[in-house]
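Notes for the structure review
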Amino acid sequence: MTASHTAPAIIRRYFELAGQPDHDDYFALFADDAVVEDESTEYRGIEAIRRWRREVPLVTYEITDVEDTPAGTIVTATITGDFPGSPFAGLRYRFSDYDDSSIRVLRIAP
């Protein structure tokens, strides 16, 4: 079993959709008031998350670790795409507030 198979279903679905061009299925993963933090900037709500996605390059993900912690589920991945420093190993996605139907808090950091 690979590391990605140990993640909860909604997190697996996030990574399935995140490497594709934006569409409503991706944004439907997030609660209306969700928060995504990337590169020390917070994006609150679906419209802000849509703006964030338009600003970041499309990348592919290789999940290397999944860890459940008291602070949430942390997925470590290598991302590859059209950006300086690609591929980048060790990027951590901390899903700290989610359930089977929506992600409310996602923080992305090395």
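Preceding block: the structure.
To start, this report covers the structure provided alongside it. Owing to the predicted nature of the structure, the values given are computational and were not obtained by experimental measurement.

The next subject is the pairing of strand β3 (residues 59-69). Taken together, the 10 bridges between β3 and strand β4 (residues 72-81) define a ladder with antiparallel strand orientation. Paired with E62 across the bridge in β4 is T78. Connecting the antiparallel pair β3 and β4 is a turn made up of 2 residues.

Let us now look at the side chain of T78. By secondary structure assignment, the location of T78 is in strand β4. Here T78 is in contact with T60, Y61, E62, T64, P87, F88, A89 and G90, once residues within four sequence places are set aside.

Before going further, it helps to spend a moment on the side chain of D38. Considering the arrangement of structural elements, one finds D38 in strand β1 (residues 30-38). Setting aside its immediate chain neighbours within four residues, D38 contacts Y43, W52, V56 and I108.

Our focus in this paragraph is unusual backbone geometry. Omega for the bond connecting S86 with P87 falls within 30 degrees of zero, at -5°, which places this linkage in the cis form. One can find P87 in the loop between β4 and β5 (88-98). In this structure, E39 is a non-glycine residue whose phi angle is positive, near 50°. Relative to the assigned elements, E39 resides in the loop between β1 and β2 (41-44). Given a relative accessible area of 69%, E39 falls into the exposed group. For S40, which is not glycine, the phi dihedral falls at a positive 65°. Tracing the chain through its elements places S40 in the loop between β1 and β2.

For the structure on display, the rule yields 12 aromatic pairs. Seen in terms of ring centroids, Y14 and F15 are 5.0 Å apart; in terms of plane orientation they differ by 85°. Their pairing is edge-to-face. As far as burial versus exposure is concerned, Y14 and F15 are alike and both buried. On the numbers, 5.6 Å between centres and 45° between planes, the contact of Y14 with Y26 is tilted. Of this pair, Y14 sits in helix α1 (residues 9-18) while Y26 sits in helix α2 (residues 24-27), and the two are 12 residues apart along the sequence. Residue class for Y14 comes out buried when judged on its relative accessible area of 1%. The class of Y26 is buried, set by a relative accessible area of 0%. An aromatic cluster is present here, built from Y14, F15, Y26, F27, F30, Y61, Y93 and F95 joined pairwise through their rings. Just above the ring of F27 sits the side chain of R50; from NZ or CZ to the centre is 4.3 Å.

Parameters and conventions
- Residues numbered from 1 in each chain as written.
- Predicted model: local features only at pLDDT ≥ 70, side-chain atom pairs only at ≥ 80, totals over all residues.
- Heavy atoms only, no water.
- Pairing = 2+ DSSP bridges.
- Helix = DSSP H or I, 4+ residues; strand = E, 2+ residues; numbered from the N terminus.
- Contact = heavy atoms within 4.5 Å.
- Buried < 20%, exposed > 50% of the residue type's maximum accessible area, 1.4 Å probe, protein only.
- Phe/Tyr/Trp six-rings, centres within 6.5 Å; stacked < 30°, edge-to-face > 60°.
- Lys NZ or Arg CZ within 6 Å of the ring centre and 35° of its normal.

That's the geometry; what it means functionally is another story.
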